[in-house]
Amino acid sequence: KELSAFINKFIRTLPHRDGNIFIRRYYFTESVKAISERYDISENNVSVILNRTRAKLKKLLIKEGYIYER
């Protein structure tokens with residue numbers, strides 16, 4: 001529960017579009033292609049947004065002690 005709340009809080013800190021893209025990909029399992037069409041951006045742009053968002057989340061999870069760096 002605590003981790004879920006942390007991730008939801010993190011998502012709310014993102015720019016609106018980036019948060020929606022993250023949710024559509026990882027909560028609703030939409031394809032990158034479908035997301036790119038919905039937001040009228042390239043598939044590469046969607047992938048870049050997802051990669052950067054995952055990196056930010058990972059950094060915060062490490063900082064807060066939810067995961068440990070190897």
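Residues numbered from 1 in each chain as written. Predicted model: local features only at pLDDT ≥ 70, side-chain atom pairs only at ≥ 80, totals over all residues. Heavy atoms only, no water.

**Here's the deal with the confidence of the model for the protein**
Line of reasoning, step 1. Looking at the protein, the pLDDT average stands at 95 and 100% of residues meet or exceed 70.
Line of reasoning, step 2. Looking over the protein, one finds the lowest element-wise mean pLDDT in helix 1 (residues 2-13), namely 94, and the highest in helix 3 (residues 32-39), namely 98. (pLDDT = per-residue confidence, 0-100. Helix = DSSP H or I, 4+ residues; strand = E, 2+ residues; numbered from the N terminus.)

**Things to note about the packing of helix 2 (residues 16-26) against helix 4 (residues 43-63)**
Line of reasoning, step 1. Where helix 2 contacts helix 4, the two axes come as close as 10 Å, and the packing angle between them is 90°. If you check the angle between helix 2 and helix 4, you find them roughly perpendicular. From helix 2, Arg17, Asp18, Ile21, Phe22, Arg25 and Tyr26 reach across to helix 4, where they touch Val46, Ile49, Leu50, Thr53, Arg54 and Leu57.
Line of reasoning, step 2. Among the residues making up the contact of helix 2 with helix 4, the classes are represented as 7 nonpolar, 1 polar and 4 charged. (Axes fitted to C-alpha atoms, helices over the stretch in contact; angles between N-to-C directions. Parallel < 35°, antiparallel > 145°, perpendicular 65-115°, else oblique. Contact = heavy atoms within 4.5 Å. Nonpolar A, V, L, I, M, F, W, Y, C, P; charged D, E, K, R; others polar.)

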